[in-house]
Amino acid sequence: MLLLHIGKPFNLRKEILGKKMRGKGSSSSKISTLIVDDDPLTRRIHKVLLTKVGLETQAVENGKEAVDLYRSGASFDLILMDLEMPIMDGPKATKELRAMGVQSMIVGVTARDLEVEKQMFMASGLDDCYVKPLTTDTVTALVEKLNKDN
């Protein structure tokens, strides 16, 4: 059974998202996020969670689709990248995005909580890595880090 706890209400829009992102993703004042995951339920959970805190979201099913989006000129402030996916997995997609010069924050998400796998995934060029599904607290911390770095 998968339980999603959204937590206590808060207003990220005023406190965090009121700052405009500069230089990495979209030109709008909202943080743009790409969800890269082959599992439709995980994509839906993350989309609902990110939208609830005011982020713009787009989702794709594998790493190749993410790379293709960037090749076509798209960009995002934050990429949530699954570890294991068909066609192109998270580590390969992350390496390819970094080789293309992508500076966006790329955060790995995985169902596995094995430290050796997380370290391998991090070595591909991630900024951070978490067990999925993400929580409101994790998303809040990521948004604060994005705003601090920009």
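Just so it is clear, the model here is predicted, and its values are computed rather than measured. (Residues numbered from 1 in each chain as written. Predicted model: local features only at pLDDT ≥ 70, side-chain atom pairs only at ≥ 80, totals over all residues. Heavy atoms only, no water.)

Peer 1: Explain the overall build of the protein here, please?
Peer 2: Helix and strand counts for the protein come out as six helices and five strands. Helices and strands in the protein line up, N terminus first, as α-β-α-β-α-β-α-β-α-β-α. Every one of the 150 residues in the protein was classed for burial, and the buried ones make up 45%. If you take every contact in the protein between residues at least 6 apart in sequence, the share linking residues at least 24 apart comes to 66%. Counting only carbon and sulfur atoms, one obtains 51% of the accessible surface of the protein, whose full area is about 7,900 Å². (Helix = DSSP H or I, 4+ residues; strand = E, 2+ residues; numbered from the N terminus. Buried < 20%, exposed > 50% of the residue type's maximum accessible area, 1.4 Å probe, protein only. Contact = heavy atoms within 4.5 Å. Areas by Shrake-Rupley, 256 points an atom, 1.4 Å probe, with all protein chains shown as cover.)

Peer 1: What is the right way to look at the UniProt feature "modified residue: 4-aspartylphosphate" (unreviewed entry) in the protein in this model?
Peer 2: The sites that UniProt annotates as "modified residue: 4-aspartylphosphate" (unreviewed entry) are Asp82. Residue position: Asp82 is located in strand β3 (residues 78–82). The class for Asp82 is buried, based on a relative accessible area of 3%. If we ignore the near neighbours within four places in the chain, the residues touching Asp82 are Val36, Asp37, Asp38, Gly90, Val109, Thr110, Phe121 and Lys132. (UniProt positions renumbered as here; feature names shortened; annotations may be inferred.)

Peer 1: Looking at this structure, I do not really get unusual backbone geometry. What am I missing?
Peer 2: Backbone geometry follows two general trends: most residues other than glycine have a negative phi, and most peptide bonds adopt the trans configuration. With an omega of 0 degrees, the peptide bond running from Lys132 to Pro133 counts as cis. Along the polypeptide, Pro133 turns up in the loop between β5 (128–131) and α6 (136–149).

Peer 1: Looking at this structure, how should I read α6?
Peer 2: The end-to-end C-alpha distance of α6 is 20 Å, a good match for the 20 Å that 14 residues give at a rise of 1.5 Å each. Those residues of α6 not exposed but buried are Thr136, Thr138, Val139, Thr140, Leu142, Val143, Leu146 and Asn147. (Expected span 1.5 Å × (residues − 1).)

Peer 1: What is the right way to look at the packing of helix α3 (residues 63–71) against helix α4 (residues 90–99) in this model?
Peer 2: The relative placement of two packed helices is expressed as an angle between their axes plus a distance between the axes. Axis separation between α3 and α4 bottoms out at 8 Å; the angle between their running directions is 15 degrees. By the criterion of interaxial angle, the relationship of α3 to α4 is roughly parallel. Handedness of the α3/α4 crossing: right-handed. Every residue of α4 that contacts α3 at Gly63, Ala66, Val67, Tyr70 and Arg71 is listed here: Ala93, Glu96 and Leu97. Across the contact of α3 with α4, the residue classes tally to five nonpolar, one polar and two charged. (Axes fitted to C-alpha atoms, helices over the stretch in contact; angles between N-to-C directions. Parallel < 35°, antiparallel > 145°, perpendicular 65-115°, else oblique. Left-handed = near helix turned anticlockwise from the far one by under 90°. Nonpolar A, V, L, I, M, F, W, Y, C, P; charged D, E, K, R; others polar.)

Peer 1: What am I meant to see in α3 here?
Peer 2: Count 3.6 residues to each turn of an α-helix, and residues three or four apart come out pointing the same way. Listed as buried for α3 are Gly63, Ala66, Val67, Leu69 and Tyr70. All buried residues of α3 lie within an arc of 155 degrees about the axis, which places them on one face of the element. Structurally, α3 contributes buried residues whose contacts are with β1 (32–36), β2 (56–60), β3 and α4. The N-cap of α3, judged by a side-chain oxygen 3.0 Å from the amide nitrogen of Lys64 a few residues on, is Asn62. Following α3 by one or two positions, Gly73 has its phi on the positive side, about 105 degrees. (Arc of directions from axis to C-beta. Polar contact = N/O pair within 3.5 Å; in protein donor to acceptor, adjacent residues only side chain to side chain.)

Peer 1: Is there a simple way to think about the sheet that holds β3 in this case?
Peer 2: Within a sheet, adjacent strands bond to each other through the backbone by hydrogen bonds, running parallel or antiparallel. Strand order in the open sheet made by the five strands is β2-β1-β3-β4-β5, with parallel pairing throughout. Of all the strands in the sheet, just β2 and β5 have a single pairing partner and so form its edges. Recorded for the sheet is a direction-independent mean angle of 20 degrees between the axes of neighbouring strands. Of the pairings in the sheet, the one linking β1 to β3 comprises four bridges and is parallel in character. Across the sheet, residue Ile35 finds its bridge partner in β3, namely Leu80. (Pairing = 2+ DSSP bridges.)

Peer 1: Can you help me understand the nonpolar core in this one?
Peer 2: Most often, soluble globular proteins have nonpolar side chains that are buried together. The biggest cluster of nonpolar side chains holds 20 residues, and the ones touching the most others in it are Leu34, Val36, Ile79, Met81 and Leu97. If you list the elements that add at least two residues to this core, you get β1, α3, β3 and α4. Looking at which element gives the most residues to this core, the answer is α3, with four residues. (Core = buried A, V, L, I, M, F, W, Y, C linked by side-chain atoms within 4.5 Å.)

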